[in-house]
Amino acid sequence: HLARTLEADVVVAGELDTPETVQSVAAWSAGEIVPNLRYPFANTPSARTMGVVAGCYFVNQLRRDFPDDHVPIGDGCDTYLGMALRDEDGSPIGVLKALWKDNRPLTPDMQAQMTIYASRCTAELLRLRRDREIRKLQDTLEQRVQARTAQLEYLNRELDSFAYTVSHDLKSPLRSIDGFSHLLREQ
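Figured I'd write up the structure that's included with this text. Each residue is numbered by its place in its chain's sequence as written, counting from 1. Only residues with pLDDT of at least 70 are given local features in this predicted model, and only at 80 or more are side-chain atom pairs given and counted; all residues enter the totals for whole chains, interfaces and linings. The basis for the side-chain values is all heavy atoms of the structure; hydrogens and waters are excluded.

Turning next to the side chain of Lys-97. You can see Lys-97 is positioned in strand S7 (residues 92-100). Throughout, exposure labels follow a simple rule: accessible area from a 1.4 Å probe, protein chains only, divided by the maximum for the residue type, with under 20% read as buried, over 50% as exposed, and the rest as partly exposed. We classify Lys-97 as buried; its relative accessible area is 4%. Those residues in contact with Lys-97, other than ones at most four positions away along the chain, are Val-10, Val-11, Val-12, Tyr-39, Ser-46, Val-71, Tyr-80, Leu-81, Gly-82 and Met-114. Helix and strand definitions here come from DSSP, where helices need a minimum of 4 consecutive H or I residues and strands a minimum of 2 consecutive E residues; each element is numbered from the N-terminal end. Whether two residues are in contact is decided by their heavy atoms, any of which lying within 4.5 Å being enough.

In terms of nonpolar packing, the biggest core is built from 21 residues, with Tyr-39, Ile-73 and Tyr-80 touching the most fellow members. Of the residues forming this core, the biggest block, three residues, is contributed by strand S1 (residues 10-16). Setting aside residues up to four positions removed in sequence, Tyr-39 forms contacts with Val-12, Glu-20, Thr-21, Val-22, Ser-46, Val-71, Val-95 and Lys-97. Leu-81, Leu-85, Ala-118 and Leu-126 belong to the second-largest nonpolar core, a separate cluster that totals 20 residues. We define the nonpolar core as a collection of buried residues of types Ala, Val, Leu, Ile, Met, Phe, Trp, Tyr and Cys that are connected through side-chain atoms lying within 4.5 Å of one another.

Listed below in structure tokens is the structure:
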């Protein structure tokens, strides 16, 4: 929707995957959704975007100014507008960027739309991260339940073995007591 709103040629919403790479969670290019991709962001407009709060705007000669930018989509674009996506404590967690093939002047409407979409993308990234944490906790909980179940099964087998041994060991003395009690009753 951002691509249509801004009439952008390329839009990418990406999450910091490692300190050196971004994993796209949504990408749009040439009028269609593009499969997710992972790309290094050192020495790119996205890296600069991570360092500022308000966002970054670059126009003209992106390839000259950022020769290390090797994102597979966006080749030939001359205008870049990006905003860092940040968590509650202000740490960058991702980037939202729009690119145009022509020189595009930055307007207040573009900035406002980008801010609105960045806010929504941030909320979605935080939700995705929490969902991953919940899944990870569920997986570890399942593992802990399985481990405890195995431990309880082992302890139950040990208890059964102990009960069998005790009952077996007590049979002989109980038979003797029973025999003596019959003799005493008869006498």
